[in-house]
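Next come the chains, spelled out residue by residue.
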Amino acid sequence: MLKYTLTQKARIKLGNIPGAKRFYCLLRLLFAPTYREDGLATVHNCDFLTDEDFIGAYETALKQEVGVDIRWRAHVTQWAGFHAKQLDGDFVECGVNRAFLSSSVMAYVDFESLKNRKFYLFDTFSGLIEELITPEDRAAHRHHYSDCYEFVVNSFNDYSNVVIVRGAVPTTLDQVKIDRVAYLSIDMNCAMPEIAALEYFWPKMTPGGIIILDDYGFDGHIAQKKGADEFASSIGVRILSLPTGQGLLIKPK
């Protein structure tokens, strides 16, 4: 014989009232969400927040002094890093700033121990380059970037397999030799260099390799999304839009 809790009984009764279930879900979302930050609110399961590996990696990333909580986005990149760890190829991030997400990924997969892999960090480390910004990019550009190059260098002093490349993408891409890529994160807040990075690294992606587009679904970043969608269409693949605002692309096998 089935037994129901009071909460379950309430849901059953509400389910018989037209529109009541939606109203109940709305109330939960407003007053008792399981997650609400970084533009995302949900009542779905997010028990990764209590996972010790996630917590440890996220706390490591907090040392980068970003000052915002983006835990579900960090969870996505950690998952992508874990997946990429099983593949052949290096890790690349284009658009690093203070290296919050890359730091989280490195801690999560213990990247320091992967002596046969490199993690390449491409950035100006001082913000956007004026001549690369389109009017659409400028409308979405709300951040002030201070020079953080020395901070990032010092953050990874103990990592022999982290390579920091300073300068504007795409001009810096061929400054280092990268043959295979298993993980690629793109977050440059600017459409032209992001598309250039996709075009440059796509042939180098390992089959099954992961690409994370950090700004893909965020308000005001439509130029980046359109450019990424056009690139994906040109090579016969599609980008998955995530509720975190990120885009996910996997290299077909």
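Residues numbered from 1 in each chain as written. Predicted model: local features only at pLDDT ≥ 70, side-chain atom pairs only at ≥ 80, totals over all residues. Heavy atoms only, no water.

### A closer look at the sheet that holds strand β4 (residues 119–123)
Part 1: The strand order across the open sheet built from seven strands is β5-β4-β3-β6-β7-β9-β8, with neighbouring strands paired in mixed fashion. The two strands at the open ends of the sheet, each matched to only one other strand, are β5 (162–166) and β8 (240–241).
Part 2: Relative to strand β7 (residues 205–213), strand β6 (residues 181–186) runs parallel, the two being bridged by five bridges. In the strand pairing of β7, Tyr-183 is matched with Ile-210.
Part 3: Strands in contact with helix α5 (residues 100–109) are β3 (90–94), β4, β5 and β6; relative to β4, the strand with the most contacts, it is inclined by about 175°. (Pairing = 2+ DSSP bridges. Helix = DSSP H or I, 4+ residues; strand = E, 2+ residues; numbered from the N terminus. Contact = heavy atoms within 4.5 Å. Axes fitted to C-alpha atoms, helices over the stretch in contact; angles between N-to-C directions.)

### What about helix α4 (residues 71–85)?
Part 1: Over its 15 residues, α4 runs 21 Å from end to end, which matches the ideal 21 Å to within 8%, given 1.5 Å per residue.
Part 2: Within α4 the residues assigned to the buried category are Trp-72, Arg-73, Ala-74, Val-76, Thr-77, Gln-78, Ala-80, Gly-81 and Ala-84. (Expected span 1.5 Å × (residues − 1). Buried < 20%, exposed > 50% of the residue type's maximum accessible area, 1.4 Å probe, protein only.)

### Observations concerning the pattern of salt bridges
Side chains that differ in charge, positive against negative, can pair when their charged atoms come close.
Part 1: The final tally for this structure, using the stated rule, is seven salt bridges.
Part 2: Among the ionic pairs, Arg-71 bridges to Glu-37, the shortest N-O distance being 3.0 Å. You can see Arg-71 sitting in helix α4 and its partner Glu-37 sitting in strand β1 (residues 35–37), a full 34 residues away along the chain.
Part 3: Measuring nitrogen to oxygen at the nearest pair gives 3.2 Å for the salt bridge that ties Glu-65 to Arg-98. With a gap of 33 residues between them, Glu-65 in the loop between α3 (52–62) and α4 and Arg-98 in the loop between β3 and α5 connect regions that are remote in the sequence.
Part 4: The class of Glu-65 is exposed, set by a relative accessible area of 55%.
Part 5: The exposure class assigned to Arg-98 is buried, which follows from its relative accessible area of 18%.
Part 6: Via salt bridges that share partners, Asp-38, Arg-73 and Asp-214 belong to a single interconnected network. (Salt bridge = Lys/Arg side-chain N within 4 Å of Asp/Glu carboxyl O.)

### Section: the nonpolar core
Note that soluble globular proteins tend to have their nonpolar side chains buried in a common cluster.
Part 1: Membership of the largest hydrophobic core comes to 39 residues, with the highest contact counts inside it found for Met-106, Phe-119, Leu-121 and Phe-156.
Part 2: Elements that contribute at least two residues to this core include exactly α3, α4, α5, β4, β6 and β7.
Part 3: Formed by 28 residues, the second largest nonpolar core is a distinct cluster that contains Cys-94, Ile-186, Phe-201 and Ala-228. (Core = buried A, V, L, I, M, F, W, Y, C linked by side-chain atoms within 4.5 Å.)

### Thoughts on the packing of aromatic side chains
Part 1: In the structure shown here, the tally under the stated rule is 15 aromatic pairs.
Part 2: A connected cluster of aromatic rings, assembled from ring pairs, spans Tyr-35, Phe-48, Phe-54, Tyr-58, Trp-72 and Phe-100.
Part 3: Positioned above the aromatic ring of Phe-151, the side-chain terminus of Arg-98 is 3.8 Å from the ring centre.
Part 4: If you follow Lys-251 out to its NZ or CZ, it ends over the ring of Trp-202, 4.9 Å from the centre. (Phe/Tyr/Trp six-rings, centres within 6.5 Å; stacked < 30°, edge-to-face > 60°. Lys NZ or Arg CZ within 6 Å of the ring centre and 35° of its normal.)

Note that every value here comes from positions in space, so none of it alone points to a role or purpose.
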